[in-house]
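A look at the structure
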Amino acid sequence: MPSTLPLGDPAPVDGLLPAPAAEGADAGADAPRDFGLYVHVPFCRVRCGYCDFNTYTATELRGVRQSDYASQAIAEMRFAAGVLDASGQPARPLAPVFFGGGTPTLLPAGQLVAMLAAARDTWGIAPGAEVTTEANPDSVDASYLRTLADAGFTRVSFGMQSAVPHVLATLERTHDPERIPDVVRWAKDAGLDVSLDLIYGTPGESLEDWQRSIDAVLAERPDHISAYALIVEEGTKLARQIRSGQVAVPSDDLQADMYERADAAFGAAGYEWYEVSNWARDAEHRSRHNLGYWVGNDWWGIGPGSHSYVGDTRWWNVKHPAAYAQRIAAGESPAAGRETIGADARELERILLLTRVRGALHLRTLAPEARPAVAALIAEGLIDGPAALRGTLELTLQGRLLADAV
Ligand SMILES: C[S@@+](CC[C@H](N)C(=O)[O-])C[C@H]1O[C@@H](n2cnc3c(N)ncnc32)[C@H](O)[C@@H]1O
Ligand code: SF4
C-alpha cells in the first residue's frame, strides 16, 4: 500500500483496542472473521522510480540495522498477542500470513523463517493456511526458496513487471528478465505456489511489448497472476519525469486495450479473473491474503507503516524504521494513529471493495434504495445481468475497465 499515512486519532501507548473490536470475531458469531498477519519488510536495495511504498534503501535508514529487524518484528508479534488478549479477542490461529515490502527477500532466509516461527508460536497457523512472501526475482536462489518452503511458506509472489528490457529499464527494475524462468522453476521445485506480478501502461510500452510480457508470464504457468495499471504516485521520480515532459503516460485507450488483451489471453489459457487486477488458475489459487482485505477480515500488520484492522478499528504504525525501532525498544505500541469506522463508512467501504471481487457482493445485502442503480448499471452493460439474477454482483469486462466509476 502507498506510504502516506492518514491523520486519524492518537493511538494509546498500550495499544488496547476498544471493546467492540472483539464483536463478531469468535466462533460463536454468525460468520466468524478470519485473522491474518501481514509482516512488512521495509527495505529495498534500490528504489524503483514509480514506487511509493514505505521502503528504505541502506542510505535512508538513519543508523537502523536491517539485521535487527526480525527481532523487532517478533517483539511486535508478542505485543500484539498481549493487546488482543487484553482487549477480549478470542484466540484465533492465523490464516493467511503474508510477508510484503519493500523486499522481504533482501533479508537472509533465516530471518524470514524466524519471524514465521515466532508467528506460529504466538498464534498458531490454521491448517492449510496460505503463507506468502513477496520477492524480487534477483533476490532469491534455489536454496533460499527451499529454506522458505521447508519452514512452512506455501507461496511466493515475484515482481516480474515486464518481460521487455526497455520497459524494465523505464521502471528502473534491476532484474534480468531471463532470470524469471529460473526463479519460477526453483520455486515450483521447492513446492511453492507461484504468483507473478505485471505492470502495464509504462511510458514507452507498446501493445506489442505488453503482448510479449503476457506471453512470457503464461509460458511460466504460474498459479496466479496480478496485472496492475501503472499508478503515477505523487512525489515519485516517475511523477517528476512526467511533469518535466521527459516521459509521457500512455493514453486511457491504450491502457484499456492492454487490459483487454491480458484478460483475453489469461482467460484463453485457463486463468479466471476473480478481482479486477487478479487472475488465478482455479478457485484454490486465489490469493487468500488479498481476499482477506477485500472481504473485511481482521488482520494485524507488523512493521513500520503497516496498517491493521480488527473489528471496526483500524490503525497504522509509525513510518520510519528508526521511529519504529524506538517504540518497540520502549515496549510501546508502534501505532501512529487510529480510527474507528462508523456503520455508514463501513458499508461504503464494503461495497467499494466487494464490487471489484467477482460475485462477492450479494445484492440482497444492498439497501433497497441502491437497487435502481444496479438496474441502471446492468442496462449500461457494466454489471452482468445473469449473475445479478443469481443474486450477486459481477462486473462485465466493460465494468472492470470502469471499476472505480461503478
Ligand atoms: C510494492 S511491491 C513489493 C514486492 C517487490 N519489492 C517487488 O517490487 O517485486 C508489490 C507490487 O506492487 C506493484 N506496484 C508497486 N508500485 C506500483 C505502482 N506505482 N503502480 C502499479 N503497481 C505498483 C508492483 O507490481 C509490485 O510487484
Ligand atoms: S523493489 Fe518493490 S518495493 Fe522496492 S522500490 Fe521496487 S517496487 Fe517498490
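Here the structure is a predicted model, which is why all the values come from computation and not from measurement.

1. Considerations on the domain arrangement of the protein
The domain boundaries assigned to the protein delineate domain 1 (19–344) and domain 2 (359–401). Taken together, the contact between domain 1 and domain 2 spans 6 residues of the former and 5 residues of the latter. Between the two partners, domain 1 and domain 2, sit 1 salt bridge. Where Arg 400 meets Asp 263, a salt bridge forms, and the shortest distance between an N and an O atom there is 2.9 Å. Our count for the domain 1 to domain 2 interface comes out at 2 residue pairs in polar contact (both at pLDDT 80 or more). Among the elements that line the side of domain 1 that touches domain 2, the one with the most residues is helix H8 (residues 252–268), at 4 residues. Per-class residue counts for the side of domain 1 that touches domain 2 are 4 nonpolar, no polar and 2 charged.

2. Some remarks on the pattern of salt bridges
For the coordinates displayed, the defined rule picks out 18 salt bridges. Here Glu 339 ties to Arg 314 by a salt bridge, and the two come within 3.1 Å at their closest N and O atoms. Placement of Glu 339 in strand S12 (residues 335–340) and of Arg 314 in strand S11 (residues 313–317) is noted, with a sequence separation of 25 residues between them. On the basis of relative accessibility, which here comes to 25%, the residue Glu 339 falls in the partly exposed class. Between Arg 358 and Glu 394 there is a salt bridge, with the nearest N and O atoms lying 3.2 Å from each other. Pair noted here: Arg 358 is in the loop between helix H11 (343–355) and strand S13 (361–362) and Glu 394 is in the loop between strand S14 (392–393) and helix H14 (397–401), with a separation of 36 residues, a long-range link.

3. Focus: helix H1 (residues 69–86)
Between its first and last C-alpha, H1 extends 26 Å over 18 residues, near the 26 Å set by a 1.5 Å rise per residue. Of the surrounding secondary structure, the elements contacted by the buried residues of H1 are strand S1 (35–41), helix H2 (109–123), strand S9 (298–302), strand S10 (307–310), S11 and helix H10 (321–329). Taken from the residues just after H1, Gly 88 is the one with a positive phi, measuring 80°.

4. Brief notes about the nonpolar core
Leu 37, Met 77, Met 115, Phe 158, Phe 266 and Trp 300 are the most contacted members of the largest nonpolar core, which has 89 residues in total. The leading source of residues in this core is H1, at 9 residues. Two domains each provide a minimum of three residues to this core, namely domain 1 (19–344) and domain 2 (359–401). Residues in contact with Met 77, not counting those within four places in the same chain, are Leu 37, Val 39, Met 115, Ala 118, Ala 119, Thr 122, Trp 123 and Ile 302. Val 164, Val 167, Ile 199 and Leu 230 belong to the second largest nonpolar core, which has 9 residues in total.

5. A look at the packing of H1 against H10
Here H1 crosses H10 at 55°, and the two axes come no closer than 10 Å. With respect to H10, the element H1 is oriented oblique. The interaxial crossing formed by H1 with H10 has left-handed handedness. Taken together, the residues of H10 that come into contact with H1 (itself represented by Tyr 69, Gln 72, Ala 73, Ala 75 and Glu 76) are Tyr 324, Ala 325 and Ile 328.

6. Here's the deal with the environment of Asn 290
As for its placement among the helices and strands, Asn 290 is situated in helix H9 (residues 288–294). For Asn 290, a relative accessible area of 15% gives the class buried. Residues Asn 290 and Pro 368, 78 residues apart in the sequence, show an inter-C-alpha distance of 29 Å. Sequence-distant contacts of Asn 290, defined by excluding residues within four places in its chain, comprise Tyr 274 and Asn 278.

7. So, the packing of helix H6 (residues 207–219) against H8
At a minimum axis separation of 10 Å, H6 and H8 run at an interaxial angle of 25°. Judged on the interaxial angle alone, H8 and H6 are roughly parallel. Considering the relative orientation of H6 and H8, their crossing is right-handed. Across the interface between the two elements, Leu 207, Trp 210, Gln 211, Ile 214, Val 217 and Leu 218 from H6 touch Leu 254, Asp 257, Met 258, Arg 261, Ala 262, Ala 265 and Phe 266 from H8. Among the residues forming the contact of H6 with H8, the class breakdown is 10 nonpolar, 1 polar and 2 charged.

Criteria and cut-off values
- Residues numbered from 1 in each chain as written.
- Chains lettered and ligands numbered in written order.
- Predicted model: local features only at pLDDT ≥ 70, side-chain atom pairs only at ≥ 80, totals over all residues.
- Heavy atoms only, no water.
- Domains from an automatic or database assignment.
- Contact = heavy atoms within 4.5 Å.
- Salt bridge = Lys/Arg side-chain N within 4 Å of Asp/Glu carboxyl O.
- Polar contact = N/O pair within 3.5 Å; in protein donor to acceptor, adjacent residues only side chain to side chain.
- Helix = DSSP H or I, 4+ residues; strand = E, 2+ residues; numbered from the N terminus.
- Nonpolar A, V, L, I, M, F, W, Y, C, P; charged D, E, K, R; others polar.
- Buried < 20%, exposed > 50% of the residue type's maximum accessible area, 1.4 Å probe, protein only.
- Expected span 1.5 Å × (residues − 1).
- Core = buried A, V, L, I, M, F, W, Y, C linked by side-chain atoms within 4.5 Å.
- Axes fitted to C-alpha atoms, helices over the stretch in contact; angles between N-to-C directions.
- Parallel < 35°, antiparallel > 145°, perpendicular 65-115°, else oblique.
- Left-handed = near helix turned anticlockwise from the far one by under 90°.

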